[in-house]
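# Breakdown of the fold
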Amino acid sequence: MSHSTVQTTPFSDQKPGTSGLRKKVTVFQQPHYLANFVQSIFNSLDGFQGKTLVVGGDGRFYNQEATQIILKMAAANGFGCVLVGQNGLLSTPAASAVIRKYSAFGGIILSASHNPAGPDGDFGIKYNIGNGGPAPEKITDAIFEQTKKLDTYLITDSDDVDLSKIGSSQIGNMQIEVIDPVTDYAQLMESLFDFNAIQTLIKGGFRLSFDAMHAITGPYAKTIIEQRLGAPEGSVCNAEPLSDFGGGHPDPNLTYAHELVETLYGDNAPDFGAASDGDGDRNMVLGRRFFITPSDSLAILAANATLAPGYKEGLAGIARSMPTSAAVDRVAEKLGIDCYETPTGWKFFGNLMDADKVTLCGEESFGTGSSHIREKDGLWAVLFWLNIIAKRQLSVEEIALDHWATYGRNFYSRHDYEGVDSVSAAALMAHIKNNFASIKGEIFGNYQVSDCDDFSYTDPIDQSISTNQGIRILFSDGSRIVFRLSGTGTEGATIRIYLESYEKDPSKHTLDAQEGLAELIQIANQLSEIEKRTGRSEPTVIT
Ligand code: G16
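The structure contained in this document is the topic of the report that follows.

Cut-offs and rules
Residues numbered from 1 in each chain as written. Predicted model: local features only at pLDDT ≥ 70, side-chain atom pairs only at ≥ 80, totals over all residues. Heavy atoms only, no water. Axes fitted to C-alpha atoms, helices over the stretch in contact; angles between N-to-C directions. Helix = DSSP H or I, 4+ residues; strand = E, 2+ residues; numbered from the N terminus. Parallel < 35°, antiparallel > 145°, perpendicular 65-115°, else oblique. Left-handed = near helix turned anticlockwise from the far one by under 90°. Contact = heavy atoms within 4.5 Å. Nonpolar A, V, L, I, M, F, W, Y, C, P; charged D, E, K, R; others polar. Buried < 20%, exposed > 50% of the residue type's maximum accessible area, 1.4 Å probe, protein only. Polar contact = N/O pair within 3.5 Å; in protein donor to acceptor, adjacent residues only side chain to side chain. 1 Å grid on protein atoms, 1.4 Å probe; cavity = no way out; pocket = protein on both sides within 12 Å on 5 of 7 lines; lining within 4 Å. Points joined across faces, edges and corners; volume = space filled by probe spheres on them. Core = buried A, V, L, I, M, F, W, Y, C linked by side-chain atoms within 4.5 Å. Domains from an automatic or database assignment.

### Some points on the packing of helix α2 (residues 33-43) against helix α5 (residues 137-149)
At their nearest, the axes of α2 and α5 sit 8 Å apart, and the two run at 125° to each other. With respect to each other, α2 and α5 are oriented oblique. Judged by the sense of rotation from one axis to the other, the crossing of α2 with α5 is right-handed. Only I143, Q146 and T147 of α5 make contact with α2, whose side of the interface consists of F37, S40, I41 and N43. Within the contact of α2 with α5, the residues separate by chemical class into three nonpolar, four polar and no charged.

Here is the structure:
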């Protein structure tokens, strides 16, 4: 099979963000744009000749076209085999599972996660390494360096591959295996959780609603929750993946998953509700009229982990991203295990898991996961919760209240200001940093600032250093305000303000988080001058 060496010129905007390269579809559709990035990935890797690559995506608009380009480029660059999900589909956690199960060299995942899809929406691409996890910064930096100097890429002159049928084919010397996207993942879930206990729970009348938000988890949830666990048909809603996600915004939070929230807060609400995101790695868990913050979810899963067969031996350790609440730290302390604080981005957990330092990881951004793969995993978290409920025979609310009674409650909220002018956002961050010296020691109402810094992290395994990972204002009672600019948006800047305070008194545990955090919210707004600097009087999203 012949291949072409195509002349190209570099694009200046291909720096990977928190999770790969995310841009508008129209940007990716520019001639050579995707191919340049793919070739830059390949150029930054060594030793993949004859090896296996996994390819799949969340099914959003441009997924199919991009998959065909990647297959032809993988063949021209010398990969021996590509495992690709049927119709180019693989959820992010399933891709991670497949990379690990088949000892692939790495994988390319096509997704812009929860960002809207369709011809005017977003597209994304990221590279995962052989452990199944997102490429660490040294690789993403190397990819970026390649993008800046790339002048040619390789692609075979072949027809498109039929991705609709499971089976084998060839492009030149490269084998292509079109695989069922669900099978390997479903088997892995069955090995971790007590499916019999969950089946019995559901048979006993426990009702649940899973909102796949017209994104990738539909087929996974139908197979696992309805077919294997026996939930009645319709328990999984919006189950058909659509290339524009039905015009929605598949971000499982209280704002964008409002349909599910209305169901769980409505009359005759089910016992349990959950949603996942565009590519299946995020999750939101709800009880009847009860919201579990992702930070609490991580803490509760950690405290109850041994109830699930996959974790019955206990946890090696736990990791959370810096802005995630310290609720899980209290669980780790009680269990006598280490708790690591990393920068935002799942890629920072990989080294810790590979070194067996941690079993569970989590982020406030609706991400929880474990060392079963190297990505966060939406459906896994849902099954973990169902396993715990089945074993403890308590409602979601009862489990949370019991947890807070034992450990105290970390009130937590994140305020996002999306689509802010990038220059104003950078100036806001600089303003807070410039005031560090005067803020330190200052008293704001009931709070005194004990310290402030810009978080940096030294990886305990490879000693790599990541700086400028978020501004922390730390108060003497352990409360915190964190300011960060998102690394995943595609339009302007998103300012994230993370707020946390600790409450030991159970009589105050049922307070609404916004009420519990009211004073800190006001301090955050004052310190950042957010309204004056952005013209916004309210956040776009509160979680
Ligand atoms: C990605 C990363 C997560 C990160 C989240 C938010 O999630 O994988 O680790 O917490 O973005 O990042 P940021 O605050 O920089 O926007 P996903 O689900 O979008 O892939």
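### Let's talk about the environment of D251
Along the chain, D251 falls in the loop between β11 (236-237) and α9 (258-265). For D251, a relative accessible area of 7% puts it in the buried group. The spacing of D251 and P241 is ten residues in sequence and 14 Å in space, taken between C-alpha atoms. Residues contacting D251, with those up to four places away along its chain left out, are H114, M213, Y256, A257 and R282. Within the structure, the side chain of D251 is placed 3.3 Å from the side chain of R282, a separation counted as a polar contact.

### Re the layout of surface pockets
Where empty space is left in the structure can be found by rolling a water-sized probe over the atoms. What the largest pocket holds in volume is close to 940 Å³. G17, T18, L485, S486 and G487 are the residues nearest the centre of the largest pocket, which is lined by 36 residues in total. Those elements that place two or more of their residues in the lining of the largest pocket are β2 (21-24), α5, α15 (422-434), β25 (480-485) and β26 (493-503). It is α5 that contributes the most residues to the lining of the largest pocket, four residues altogether. Residues belonging to the lining of the largest pocket are distributed by class as follows: ten nonpolar, 16 polar and ten charged.

### Topic: the nonpolar core
F193, F272, Y311, W380, F384 and W385 are the most contacted members of the largest nonpolar core, which has 73 residues in total. Among the elements that line this core, the one with the most residues is helix α13 (residues 378-392), at eleven residues. Lining this core are residues from two domains, each supplying at least three of them: domain 1 (3-180) and domain 2 (185-407). Apart from the residues lying within four places of it in its own chain, the contact partners of W385 are F272, V285, I292, S297, I300, L301, V396 and I399. Grouped together as the second largest cluster of nonpolar side chains are 44 residues, Y33, V38, V84 and L110 included.

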